[in-house]
Each structure stands twice: as C-alpha cells, then as structure tokens.
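Summary of the model geometry
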Amino acid sequence: MSTPQTRRKTRTDAERNRDRVLEAARALFAESGYDVQMSEIARAAGVGIGTLYRKFPTREALIEAIAEHRAADLIATARRLADTDDPAQGLARFLRHVGEVLAGDRGMSEVIEKAMGSTEPRDKTREALLAIVAELIDRARARGTVGQDVTAGDVNMVICGLAAVIRNAAGDWRRYIEVALDGLRPR
C-alpha cells in the first residue's frame, strides 16, 4: 500500500519526466523536424519508451503538448506585462517577446504547423491569450495610447503576420512589429 509520501514522490517524478520529455522533444523537433523518432526523444529525455507513450500516446499528442506549453509561456508573459505602468509599452514588449519566441523556435513552429495545421493556439488556450491581450489593449486604450477601435483580434492578426514574416524570412520581424504598433496607435 502506498503512502501519501510515496504518491507525492511518484507525482513529482512523473512531472519531472514529462518536463524532460517536452524539453527533449522540443529541441529534437526544432533541430531535425517532424520525423524525429519517438525512441530518440525517449533516449534524449532519459526515460523509457513506455513512459513516453504513457504520457503522449502519439507524436501529435506530444507536439500539441509542446504547443500548449509554448502558448502558456506567452500567456504568462502577457499577464506579467499587463501589470506594467505603461500598457502600450507592455503590448509592445509582448509582441517583441512573441517575435523572439517564434524566431528562436522556427523549426518547432514548422513541426507544430505540420502536426496541427496551424501554430495558433486552440480552444481555451486561445481564449486565455486573447483575453489577456484584450486587457492590455483596454488599459492602453484608457491611457489614449491605442486606438479606440483596436481589438484583441487585431493584435492576433498582427501576431499571425509576424509569424509569417519570421517563417518566410520576409524581412526584419522587429521592423514589422514597429510598423504594426504604429498602426495600432490612435489617429
């Protein structure tokens, strides 16, 4: 019979294994693309193949978990920046952070798009991201630094455009953000 201490240790080990699998998979997918073997990921994470498949029964489930983890990072960053004194600066810093994540993780973005059809967050994750972006916009609008008609959907379009600029190496993504921010300012 297991004790609460044993169960807690098991949960901690399981979380640690899950995190190691996600880190190893993200690095291998980013470096080598979609066709990385699950056995390579298990080996790089230092877990058995059974552990990997118990956590992530398919390659797509693993990739979706990586995408969710990346989106959670973006949401956490947006929440932190929503509390800044200058909400327009918070929005600009958020877009720059998104650019840095996408530019630094271009290979993973390709893998996510291949597995899921899009790199855009889904369902509740998408709703949470749009909600915190809306909060940033509302605060900036109240200070008169963002146009009255700007919406979270507009910022989402900016992020989609940013992703395309980075994915296609269509120019300087930092310059793209500056141009987009100019378009969000009041007229």
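Refer to the preceding data block for the structure.
If you're wondering where the values come from, they're calculated on a predicted model, not measured in any experiment.

A few words now on the side chain of Asn 156. Residue placement: Asn 156 occurs in helix 8 (residues 152-167). For Asn 156, a relative accessible area of 15% puts it in the buried group. Beyond its immediate sequence surroundings of up to four residues, Asn 156 is in contact with Glu 120, Arg 126 and Leu 130.

Here we come to the packing of aromatic side chains. Under the defined criterion, the tally for this structure stands at zero aromatic pairs. Just above the ring of Tyr 34 sits the side chain of Arg 59; from NZ or CZ to the centre is 5.3 Å.

Here we take up helix 2 (residues 38-45). Listing the buried residues of helix 2 in full gives Met 38, Ile 41, Ala 42 and Ala 45. With its buried residues spanning 100 degrees around the axis, helix 2 presents them on a single face. Along helix 2, the residues that are exposed and aim more than 90 degrees away from the buried face are Arg 43 and Ala 44. Looking one or two residues beyond helix 2, the residue adopting positive phi is Gly 46, at roughly 75 degrees.

Another point: the nonpolar core. Soluble globular proteins tend to pack their nonpolar side chains together in the buried interior. In this structure, Phe 94, Leu 95, Val 98, Leu 129, Val 133, Ile 137 and Val 155 are the most contacted members of the largest nonpolar core, which totals 33 residues. For this core, the elements supplying multiple residues, two or more each, are helix 4 (59-82), helix 5 (87-104), helix 7 (123-142), helix 8 and helix 9 (173-184). Of the residues forming this core, the biggest block, eight residues, is contributed by helix 8. If sequence neighbours within four positions are ignored, Val 133 has contacts with Phe 94, Ala 152 and Val 155. In this structure, Val 21, Ala 24, Tyr 34 and Leu 62 belong to the second largest nonpolar core, which totals 24 residues.

With that settled, the discussion passes to the packing of helix 4 against helix 6 (residues 106-116). Interhelical geometry of helix 4 versus helix 6 gives an angle of 125 degrees and a closest axis separation of 10 Å. Relative to helix 6, helix 4 is oriented oblique. For the crossing formed where helix 4 meets helix 6, the hand is left-handed. Here Glu 60, Ile 63, Glu 64, Ile 66, Ala 67 and Arg 70 of helix 4 come into contact with helix 6, specifically with Met 108, Ser 109, Val 111, Ile 112, Ala 115 and Met 116. For the contact of helix 4 with helix 6, the class distribution of residues is eight nonpolar, one polar and three charged.

What counts, and at which threshold
- Residues numbered from 1 in each chain as written.
- Predicted model: local features only at pLDDT ≥ 70, side-chain atom pairs only at ≥ 80, totals over all residues.
- Heavy atoms only, no water.
- Helix = DSSP H or I, 4+ residues; strand = E, 2+ residues; numbered from the N terminus.
- Buried < 20%, exposed > 50% of the residue type's maximum accessible area, 1.4 Å probe, protein only.
- Contact = heavy atoms within 4.5 Å.
- Phe/Tyr/Trp six-rings, centres within 6.5 Å; stacked < 30°, edge-to-face > 60°.
- Lys NZ or Arg CZ within 6 Å of the ring centre and 35° of its normal.
- Arc of directions from axis to C-beta.
- Core = buried A, V, L, I, M, F, W, Y, C linked by side-chain atoms within 4.5 Å.
- Axes fitted to C-alpha atoms, helices over the stretch in contact; angles between N-to-C directions.
- Parallel < 35°, antiparallel > 145°, perpendicular 65-115°, else oblique.
- Left-handed = near helix turned anticlockwise from the far one by under 90°.
- Nonpolar A, V, L, I, M, F, W, Y, C, P; charged D, E, K, R; others polar.

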